[in-house]
Amino acid sequence: MRRNVAFLVAVCVTATLVGGTASAARDPVGPVLVVADDVPNDVRALALDTWDRFVNAFPTRRACMTPVSLRHAWEFPDRAAYDPAERAVVLRVPGTAPNLRASLVHEFAHHLESTCAAHASLRRPFLIATGEAPNSAWFDGREWEDIPSERYAEAVTVYVLDERPSHLRVSVSSEALDEIERWATRP
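Residues numbered from 1 in each chain as written. Predicted model: local features only at pLDDT ≥ 70, side-chain atom pairs only at ≥ 80, totals over all residues. Heavy atoms only, no water.

Colleague: Kindly report on the pairing of strand β5 (residues 88-92), identifying the contributing residues and their values.
Modeller: For β5, the tally of buried residues reaches four of five residues, placing the bulk of the element in the interior. In terms of strand pairing, strand β3 (residues 68-73) meets β5 through five bridges, oriented parallel. Residue pairing across strands places Ser69 opposite Ala88, the latter belonging to β5. Across four bridges, the pairing between strand β4 (residues 80-83) and β5 is antiparallel. The residue bridging Tyr82 from the neighbouring strand is Val89, located in β5. (Buried < 20%, exposed > 50% of the residue type's maximum accessible area, 1.4 Å probe, protein only. Helix = DSSP H or I, 4+ residues; strand = E, 2+ residues; numbered from the N terminus. Pairing = 2+ DSSP bridges.)

This is the structure:
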């Protein structure tokens with residue numbers, strides 16, 4: 001028994017030294033958020049809690065959620081950003097907990113759309129639910145608010161948090177939320 005405990009402690013210490021704190025320490029078979037070592041502890045706790053909430057909101061999509069990393073920046077032009085090539089979220093801090101949480105969920109939504117091939121099956125119903133043409137380009141729009149990918153990420157924020165964040169920039173219809181829930185909970 002002692003040998004198993006010592007081994008487990010060694011693995012956890014090694015994982016922390018190599019890649020920061022990971023949510024896998026709490027759910028070793030689920031999707032993983034790797035938090036950079038220099039992320040402040042309060043932001044780390046908020047991010048890991050938000051990731052768990054996000055993952056739990058998409059129970060039938062857990063298998064296609066690849067690991068994502070989180071870094072922070074004290075100065076950044078946006079509240080947050082997702083880099084699909086790096087599979088990384090950069091979060092501007094400081095910020096209020098509700099704003100940080102909403103920004104994280106928004107970027108986690110982009111991670112899901114970028115790494116989960118099954119996401120393609122959500123796009124047409126989501127476009128129809130938001131009043132867009134079903135063949136609209138997913139990543140194009142005149143303004144940020146017109147880009148379906150951004151409207152989707154904002155809708156996911158409402159879906160996961162079960163409330164409208166104060167800084168939400170688009171309207172989110174109940175039909176759009178229904179499509180997200182259907183995709184998130186049905187195989």
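Colleague: So what's going on with the packing of helix α2 (residues 41-57) against helix α3 (residues 97-115)? Which residues, and what values?
Modeller: Relative orientation of the contacting elements α2 and α3 amounts to 50 degrees, with a least axis distance of 10 Å. With respect to their mutual orientation, α2 and α3 come out oblique. Crossing hand, α2 versus α3: right-handed. Only Ala97, Leu100, Arg101, Leu104, Val105, Phe108, Ala109, His111 and Leu112 of α3 make contact with α2, whose side of the interface consists of Val43, Leu46, Ala47, Asp49, Thr50, Trp51, Arg53 and Phe54. Of the residues in the contact of α2 with α3, the class split is twelve nonpolar, two polar and three charged. (Axes fitted to C-alpha atoms, helices over the stretch in contact; angles between N-to-C directions. Parallel < 35°, antiparallel > 145°, perpendicular 65-115°, else oblique. Left-handed = near helix turned anticlockwise from the far one by under 90°. Contact = heavy atoms within 4.5 Å. Nonpolar A, V, L, I, M, F, W, Y, C, P; charged D, E, K, R; others polar.)

Colleague: Break down unusual backbone geometry for me, with residues and values.
Modeller: In this structure, Pro94 follows Val93 across a cis peptide bond, with omega equal to 5 degrees. Secondary-structure assignment places Pro94 in the loop between β5 and α3. Phi angles above zero are rare outside glycine, and Arg87 is one such case at about 50 degrees. On the secondary structure map, Arg87 appears in the loop between β4 and β5.

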